[in-house]
Amino acid sequence: MLLLMSFISVNVEYFPEPIYPIANPDSPIVSLGRELFHDPILSKDSTVSCASCHSQYNAFAHSDHALSHGIADRIGTRNAPALVNLAWSESFMWDGASFSLEAQVLTPLTAHHEMDNSLDTILNRLNKHPKYSYLVQQAFGKSPIQTKHVLKAIADYESTLISRNSRYDSMRMHLVEFTEQEKKGYTLFKQHCNRCHAEPLFTNGQFANNALPIDTSLNDMGRFRITDDSAHIRHFKIPTLRNLLYSFPYMHDGRFKRLRDVFNHYAKGINMHDETRSIKNPIPLSSNDITDLLSFLHALTDRTFIFNPAFSQIHYPQRNQ
Amino acid sequence: MIAKTPVVLNSSIVHNNDSIIITSFKAYIVIPTLTDTIVHLLDIEDNLSCSLPDDAESVIIGIDSMQTVRTNFSGALDPIHGMFWTWNSGYINVKIEGISQRSMQRNRIFQMHLGGFTAPHQESIPLRIPRNTSIKLSIDIAPSIDALLNNHQGTVMSPGKDAHELMHILQQSINIEQ
């Protein structure tokens, strides 16, 4: 059987080439991944899906929870990051533990404080489920479903979660012109923020210690746990700023509820005693500067992404009893 | 082998005034050939032998960086075999678990999960082998278990300098026989 693999190209000239091939949103593999992403069948007690902590209306982050929780209200140690433009990322998770989109899928499926499931159980459940037998047959032309199918389907679905239709993007494509306040904010952004939150992805994909006061209840060492390199103590992945009005709360531990808290941290909250910090000095930001920056950051909101029906859970019509 | 005694699953072996029981032994064996790379997962519960192509000149214990990032997550490389770290991507190259009276862990268990695919902790062991012949690879796991119990409280389950030390000891304990 011929398996047709189709990928879409990204023809936005100010965007770099993606690292992960972007799947065709209409492909049956993406449909399978979309279904799996929203299905609590993946968790041990069938209560939590990927979408529980990565909800579309929060830019695929976890609303209103500083630390995300999995099954049985088990609370983890980090804030679920927003899933956006993942095809441009070389590593995944706050500490970069996962080297590919497929490998990343394994982490929440098996982590104790997330879905706490085993691959054996997941595959058994899916292979007994008529819906998945059909979807897997459509996607891969064969059954039973195997680990690689689950990983590929969810990864391909995630690759389609592309946000590049914000007011900022319209400005880059010369379709609109920024207001004076947005222009001021953009200038300040390029001066103070762009080195790490680099345009147009609004992350440079690297890891940094932004000198937050240490939370001794978590004592999260960040990327150090992965690399065993003391220079990486409290280094975390630099998150994208796209759709950040929707992806609150902020920071790897979700400690800030409001963007103004974030600005206050950079302006006057830097932990100058942290020797592995990547930011050497506070950023001098006046109240007016913060207002201008907020105006610019609003322009990173992409409502066509937040409300794109192609990303959301598929609701099947109920059969009459 | 533990010292000179062949290991039998779940059977007690006397070593260093200790009684050691091996409850799990798994290892990846990778065989590069001119045309292909063959991956076997050897498991003491299943089979500790694998076929060797005639043109094979080397075997590698463990999954190296290139193979890790290129994995298709199927066959021997399916994470369902419990040989893939999900909290820190990468394969466990060698897994040895058992019970020792010297272990400080609960129920006297010890766990040695050795792996790592990124610098500076890349932990695969390349071995040159003679062509066109069958070989027997014997590994004395006693020195590494001793080091695990004496220096690491009976548990090493992540990449890093501890895993590197134990992998090095394993490497020194390999004997290739024709």
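As the structure is a prediction and not an experimental result, all values here were calculated from the model.

Rules and cut-offs
- Residues numbered from 1 in each chain as written.
- Chains lettered and ligands numbered in written order.
- Predicted model: local features only at pLDDT ≥ 70, side-chain atom pairs only at ≥ 80, totals over all residues.
- Helix = DSSP H or I, 4+ residues; strand = E, 2+ residues; numbered from the N terminus.
- Rg over C-alpha atoms; globule rule 2.2 N^0.38 Å.
- Buried ≥ 20, exposed ≤ 12 C-beta atoms within 10 Å, placed from the backbone.
- Contact = placed C-beta atoms within 7 Å.
- Core = buried A, V, L, I, M, F, W, Y, C linked by C-beta atoms within 7 Å.
- Domains from an automatic or database assignment.
- Axes fitted to C-alpha atoms, helices over the stretch in contact; angles between N-to-C directions.
- Left-handed = near helix turned anticlockwise from the far one by under 90°.
- Nonpolar A, V, L, I, M, F, W, Y, C, P; charged D, E, K, R; others polar.
- Pairing = 2+ DSSP bridges.
- Arc of directions from axis to C-beta.
- Expected span 1.5 Å × (residues − 1).
- pLDDT = per-residue confidence, 0-100.
- Parallel < 35°, antiparallel > 145°, perpendicular 65-115°, else oblique.

*Asks:* So what about the overall build of chain B? Which residues, and what values?
*Replies:* Helix and strand content of chain B: 3 helices and 12 strands. The globule rule puts the C-alpha radius of gyration for 178 residues at 16 Å, and the 16 Å found for chain B is close to it. For chain B, the spread of C-alpha atoms along the principal axes amounts to about 50 × 40 × 25 Å. By residue count, 35% of the 178 residues in chain B fall in the buried class. Pairs at least 24 apart in sequence give 68% of the contacts found in chain B among residues at least 6 apart.

*Asks:* How would you explain the environment of Leu188 of chain A if you had to name every residue and give the values?
*Replies:* All names here are of chain A. As for its placement among the helices and strands, Leu188 is situated in helix α8 (residues 180-192). Residues Leu188 and Asp292, spaced 104 residues apart in sequence, show a C-alpha to C-alpha distance of 8.1 Å. When residues no more than four places from it in sequence are discounted, the contact partners of Leu188 are Asp289, Asp292 and Leu293.

*Asks:* Quick one: what's the story with the nonpolar core, residue by residue and with numbers?
*Replies:* Ranked by internal contacts, the top residues of the largest apolar core, which has 110 residues, are Val150, Ala153 and Ile154 of chain A together with Tyr28 and Leu166 of chain B. Here this core gets 8 residues from one element, more than from any other, and that element is strand β2 (residues 18-32) of chain B. Two domains each donate at least three residues to this core, and these are domain 1 (28-162) and domain 2 (167-304) of chain A. In this structure Ile154 of chain A touches Gly33, Leu36, Phe37 and Val105 of chain A, once residues within four positions along its chain are discounted.

*Asks:* Requested: an account of the packing of helix α1 (residues 28-37) of chain A against helix α5 (residues 130-140) of chain A, with residues and values cited.
*Replies:* All names here are of chain A. Where α1 contacts α5, the two axes come as close as 7 Å, and the packing angle between them is 150°. Along this stretch, α1 crosses α5, giving a crossing that reads as left-handed. Residue-level inspection shows Pro28, Ile29, Ser31, Leu32 and Glu35 of α1 in contact with α5, the latter providing Leu135, Val136, Gln138 and Ala139. Across the contact of α1 with α5, the residue classes tally to 6 nonpolar, 2 polar and 1 charged.

*Asks:* So what's going on with the pairing of strand β1 (residues 12-15) of chain B? Which residues, and what values?
*Replies:* All names here are of chain B. Bridging between β1 and β2 involves 4 bridges; their strand directions are antiparallel. Directly across from Ser12, in β2, lies its bridge partner Ile21. Counted between consecutive antiparallel strands, the loop separating β1 from β2 contains 2 residues, among which Asn16 sits at a positive phi close to 55°.

*Asks:* Outline α5 of chain A, supporting the account with residue identities and numerical values.
*Replies:* Quick reminder: α-helices carry 3.6 residues per turn. Residues three or four places apart thus point the same way. Residues and elements named next belong to chain A. By the burial criterion, the buried members of α5 are Tyr132, Leu135, Val136 and Ala139. The buried residues of α5 occupy an angular sector of 100° when projected down its axis, which confines them to one face. At its buried positions, α5 is contacted by α1, α4 (119-128) and α6 (147-159). One or two steps after α5, the chain reaches Gly141, where phi turns positive at roughly 75°.

*Asks:* Help me get a handle on the domain arrangement of chain A, residues and values and all.
*Replies:* For an interface, size is often stated in terms of accessible area lost upon the parts coming together. All names here are of chain A. Its domain assignment divides chain A into domain 1 (28-162) and domain 2 (167-304). The distance between the C-alpha centroids of domain 1 and domain 2 comes to 26 Å. Tallying the contact residues gives 20 residues for domain 1 and 23 residues for domain 2. Class assignment for the residues of the side of domain 1 that touches domain 2 results in 10 nonpolar, 7 polar and 3 charged.

*Asks:* Tell me about unusual backbone geometry, and name the residues and values.
*Replies:* All names here are of chain A. Note that the residue after Ser143, namely Pro144, is joined by a cis bond; omega there is 5°. When you line up the elements, Pro144 lands in the loop between α5 and α6. The residue Ala59 is not glycine, and still its phi comes out positive at about 55°. With respect to the helices, strands and loops of the structure, Ala59 is situated in the loop between α2 (50-53) and α3 (101-110). For Ala59, a count of 26 C-beta atoms within 10 Å corresponds to the buried category. In the Ramachandran plot, Arg234 falls in the positive-phi region, its phi being about 60° despite a non-glycine side chain. Residue position: Arg234 is located in the loop between α9 (224-227) and β2 (236-237).

*Asks:* Go over helix α3 (residues 161-172) of chain B, please, and point to the residues and values.
*Replies:* Residues and elements named next belong to chain B. The end-to-end C-alpha separation of α3 is 17 Å, in line with the 16 Å expected for 12 residues at 1.5 Å each. Taken residue by residue, α3 has Asp162, Ala163, Leu166, Met167 and Leu170 as its buried positions. Angular distribution of buried residues about the axis of α3 spans 130°; they occupy a single face of the element. Away from its buried face by more than 90 degrees, α3 exposes Lys161 and Gln172.

*Asks:* Describe in detail the confidence of the model for chain A, supporting the description with residues and values.
*Replies:* When pLDDT is averaged along chain A, the result is 91; 95% of the residues meet or exceed 70. Across chain A, the element-wise mean pLDDT spans from 90 in α9 of chain A up to 98 in α8 of chain A.

*Asks:* Please provide a residue-by-residue account of the packing of α8 of chain A against helix α11 (residues 287-298) of chain A, values included.
*Replies:* Residues and elements named next belong to chain A. Two elements in contact, α8 and α11, have axes whose closest approach is 7 Å; the angle formed by their N-to-C orientations is 100°. As far as their axial angle goes, α11 and α8 are roughly perpendicular. Residues Gln181, Glu182, Lys184, Gly185, Tyr186, Leu188 and Phe189 of α8 lie in contact with α11, whose contacting residues are Asp289, Asp292, Leu293, Ser295 and Phe296. For the contact of α8 with α11, the class distribution of residues is 5 nonpolar, 3 polar and 4 charged.

*Asks:* Any details on the environment of Asp73 of chain A? Residues and values, ideally.
*Replies:* Residues and elements named next belong to chain A. Within the element layout of this structure, Asp73 appears in the loop between α2 and α3. Classification of Asp73 as exposed rests on a count of 8 C-beta atoms within 10 Å. Between the alpha carbons of Asp73 and Asp289 there is a distance of 40 Å; along the sequence they are 216 residues apart.

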